[in-house]
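Results of the structural survey
Here is how the chains run, residue by residue.
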Amino acid sequence: AIVMAFPLLNQLPATIISSFIGIIAVVLGIAGRPFIENVIAGLVISFSQPLRIGDTLLVDEHWGSVEDISLTFTIVKRWDWRRYIIPNSQLLQKEFINYSLVDEYQWAYVEFWVAYDADLETVRQLAVDATRDNPYFADYEEPAFWLMEMGKEGMRCWVAGWTDSPSAAWNLTHSIRAQLMEGFQKHGITCHSFRHQVLDQPSPLPGGNP
């Protein structure tokens, strides 16, 4: 339509031409707004560097590492190797955790419950040993054990230790859980204190049928 209108431009009033150009500018501005916003956001990310390629992030419940930062979008490679693609303009508006912004060290913890009849000192020793003897544990200081809560289901406990990287922290927590379960089974420690209730038998209906 623009090309066909070129021969007629000399015959059209200046007001119509300026209005026509204004409409085109508005349409192009609206159509190009997402692209322009993403480009500006990409420049902001590049200069301010709240995240960098290789950083480990937790964004929108997605845990992974930054694989690429372009002018328009950022790619996060999740732990399961799927790619989470985020437009840069949206990324600047999100709250995310950058585990690698200052250093790679991670304080990893595991939460678990044990029954009240469990020997607390044995539980503490099993939890500390499961952390200290783990190949992913970084020996900066001794593992810590806390009794966090005494609830209806039992005692809520935490054990925590240092690791050298976010991926090591991920592996440490899984290894601690596996070793804790082996230790609990070996020592007969129940993870929860469950109360079983025996329901009364239903009364027979008239005619002898239950």
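Residues numbered from 1 in each chain as written. Predicted model: local features only at pLDDT ≥ 70, side-chain atom pairs only at ≥ 80, totals over all residues. Heavy atoms only, no water.

Observations regarding a nonpolar patch on the surface
Together, Phe 35, Ile 36, Ile 40, Val 44 and Leu 92 make up an exposed nonpolar region whose accessible area comes to about 470 Å². Note on placement: Leu 92 falls in the loop between helix 3 (88-91) and strand 5 (96-98). Look at Leu 92 and you get partly exposed, because its relative accessible area is 40%. (Patch = residues over 30% accessible without salt bridge, like charges linked within 9 Å, V, L, I, M, F, W, Y side chains within 5 Å. Areas by Shrake-Rupley, 256 points an atom, 1.4 Å probe, with all protein chains shown as cover. Salt bridge = Lys/Arg side-chain N within 4 Å of Asp/Glu carboxyl O. Helix = DSSP H or I, 4+ residues; strand = E, 2+ residues; numbered from the N terminus. Buried < 20%, exposed > 50% of the residue type's maximum accessible area, 1.4 Å probe, protein only.)

A closer look at the sheet that holds strand 7 (residues 144-150)
Taken in spatial order, the three strands make up an open sheet running 6-8-7, and their pairing is antiparallel. One side of each edge strand has no neighbouring strand; the edge strands of this open sheet are strand 6 (106-114) and strand 7. Across the sheet, the mean angle from the axis of one strand to that of its neighbour is 25°, orientation sign disregarded. Summarising the sheet, strand 6 and strand 8 (residues 155-163) pair through nine bridges and their orientation is antiparallel. Directly across from Ala 108, in strand 8, lies its bridge partner Gly 161. (Pairing = 2+ DSSP bridges. Axes fitted to C-alpha atoms, helices over the stretch in contact; angles between N-to-C directions.)

Quick look at the nonpolar core
Counting residues in hydrophobic clusters, the biggest one holds 21 residues, and the most contacted among them are Phe 112, Val 114, Val 123, Leu 180 and Phe 184. For this core, the secondary-structure elements that each account for two or more residues are strand 6, helix 4 (120-132), strand 8 and helix 5 (166-187). Filtering out sequence-adjacent residues up to four positions away, Phe 112 remains in contact with Val 123, Ala 127, Phe 145, Met 155, Arg 156, Cys 157, Val 159, Leu 180 and Phe 184. Ranked by size, the runner-up nonpolar core spans nine residues in total, among them Ile 45, Val 66, Val 76 and Tyr 84. (Core = buried A, V, L, I, M, F, W, Y, C linked by side-chain atoms within 4.5 Å. Contact = heavy atoms within 4.5 Å.)

Examining the pairing of strand 4 (residues 83-87)
Only one face of strand 4 is buried, namely the one carrying Tyr 84 and Ile 86, since none of Arg 83, Ile 85 and Pro 87 on the opposite face is buried. Between strand 3 (residues 73-78) and the antiparallel strand that follows it, strand 4, lie four residues; Trp 81 among them carries a positive phi value of about 70°.

Brief notes about the pairing of strand 8
Where burial is concerned, most of strand 8 is hidden: seven out of the nine residues are buried. One ladder, built from six bridges, connects strand 7 with strand 8; its direction is antiparallel. Along strand 8, the bridge assignment pairs Trp 146 with Trp 158. Between strand 7 and strand 8, which pair antiparallel one after the other, the connecting turn spans four residues, and Gly 154 there sits at a positive phi close to 145°.

Describing the packing of aromatic side chains
For the structure on display, the rule yields six aromatic pairs. Where Trp 107 meets Trp 146, the ring centres are 6.4 Å apart and the plane angle is 65°; that geometry is what we call edge-to-face. Here Trp 107 is found in strand 6, whereas its partner Trp 146 is found in strand 7, with 39 residues between them in sequence. We classify Trp 107 as partly exposed; its relative accessible area is 34%. According to the relative accessible area criterion, Trp 146 is partly exposed, its value standing at 35%. Taken together, the ring pairs connect Trp 63, Trp 79 and Trp 170 into an aromatic cluster. (Phe/Tyr/Trp six-rings, centres within 6.5 Å; stacked < 30°, edge-to-face > 60°.)

Examining unusual backbone geometry
Here the phi dihedral of Gln 49 falls at roughly 55°; this positive angle occurs in a residue that is not glycine. You can see Gln 49 is positioned in the loop between helix 2 (14-48) and strand 1 (56-59). Phi at Trp 81 takes a positive value of approximately 70°, unusual for a residue other than glycine.

Some thoughts on helix 4
In this model helix 4 runs 18 Å from its N-terminal to its C-terminal C-alpha over 13 residues, within 8% of the 18 Å that 1.5 Å per residue would give. Turning to helix 4, its buried residues number three or more, namely Val 123, Leu 126, Ala 127, Val 128, Ala 130 and Thr 131. Summarising the contacts, the buried residues of helix 4 are in contact with strand 6, strand 7, strand 8 and helix 5. (Expected span 1.5 Å × (residues − 1).)

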